[in-house]
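Fold and geometry: a report
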Amino acid sequence: MMNMNHMMTEEEAEIERLPVDLLAHIFLFTSSFTDLAQGSGVCRKWRKAVRQSLAGRERLSFSGCKMDDESTVRLVRYAYNLKELDISRSCWGCQITDDGLQKISSVNCISNLTSISLWGMTGITDRGVIQLVSRANSLQYLNVGGTFITDESLVAIANCCPHLKTIVLWSCRQVTESGLLALVHKLQKLESINVWGMRVPLDCFIGLLAISPALQIKPRNVHLNVATLNPLPAPIWPIV
């Protein structure tokens, strides 16, 4: 037993000799945010290394993690170089609310984010989404599928996210034709929109293509052709 304790003491001493930069690099390979939180509580040096590793990350995904507003905001706040943020619903039941989105909207990295996924977050409303996108001016990809947002969120997205290329509105049943038309009309860089499971008429999709003929409307089984808007006139046969 004494030998085991001696070996453990030696191992602890060895890792304590590592510089903060090297520790931070090691923490970059840690995908478990629980492990990071525990590591941050070991000592001041480790806490600094964990924060430094978060600052170097360009992507954070909380999918599959049991997170709440405070724990999520705490991690995002230190991710200064963050480009992609995924806080989709997890099997554990993510508890992110509008209050959490409002706090995230005030962190330093929000204006640099190019991708945000809020897929399946049934606990958020227009209030949180509107606040979040108000500062996410660099967004190119946004997934709000499975949420209960309305046209109000789409109007805010259209006004605040001029670089948006892809938006997923999977099963957003509170969104109407008016919101979709406003979105496509405003966002000239929009390339793809997922409308699976939405309660909008087929004529709406034809209207979207009239505004943006190159727009990809998913799923692929929605077969539309902008040519149907301007059918060719019937041929005039010569009278014999």
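What this report covers is the structure whose coordinates are included nearby. Small disclaimer: the values here were computed from a predicted structure and weren't measured.

1. Quick notes on the packing of aromatic side chains
- Scanning all chains against the criterion turns up two aromatic pairs.
- Aromatic pair tryptophan 119 and tryptophan 170: ring centres 5.8 Å apart, planes at 40°, arrangement tilted. Residue tryptophan 119 is found in the loop between strand E3 (115-117) and helix H7 (126-133), and its partner tryptophan 170 is found in the loop between strand E5 (166-168) and helix H9 (177-186); the two are separated by 51 residues along the sequence.
- Using a relative accessible area of 29% as the deciding quantity, one classes tryptophan 170 as partly exposed.
- Members of the aromatic cluster, connected to one another through ring pairs, are Trp119, Trp170 and Trp196.

2. Here's the deal with helix H10 (residues 202-211)
- Among all positions of H10, only Cys204, Phe205, Ile206, Leu208 and Leu209 are buried.
- In this structure, the buried residues of H10 make contact with H9 and strand E7 (216-218).

3. So, the nonpolar core
- Judged by nonpolar contacts, the single largest core of 58 residues is most densely connected at Leu118, Ile157, Ile167, Leu169 and Leu180.
- For this core, the elements supplying multiple residues, two or more each, are helix H4 (44-55), helix H5 (69-78), helix H6 (98-104), H7, helix H8 (151-160), H9 and H10.
- Ranked by the residues each element gives to this core, the list is headed by H8, at five residues.
- If near-sequence neighbours (up to four positions away) are discounted, isoleucine 167 is found in contact with Leu142, Leu154, Ile157, Leu183, Leu190, Ser192, Ile193 and Asn194.

Procedures and definitions
- Residues numbered from 1 in each chain as written.
- Predicted model: local features only at pLDDT ≥ 70, side-chain atom pairs only at ≥ 80, totals over all residues.
- Heavy atoms only, no water.
- Phe/Tyr/Trp six-rings, centres within 6.5 Å; stacked < 30°, edge-to-face > 60°.
- Helix = DSSP H or I, 4+ residues; strand = E, 2+ residues; numbered from the N terminus.
- Buried < 20%, exposed > 50% of the residue type's maximum accessible area, 1.4 Å probe, protein only.
- Contact = heavy atoms within 4.5 Å.
- Core = buried A, V, L, I, M, F, W, Y, C linked by side-chain atoms within 4.5 Å.

By themselves these figures say nothing about function.
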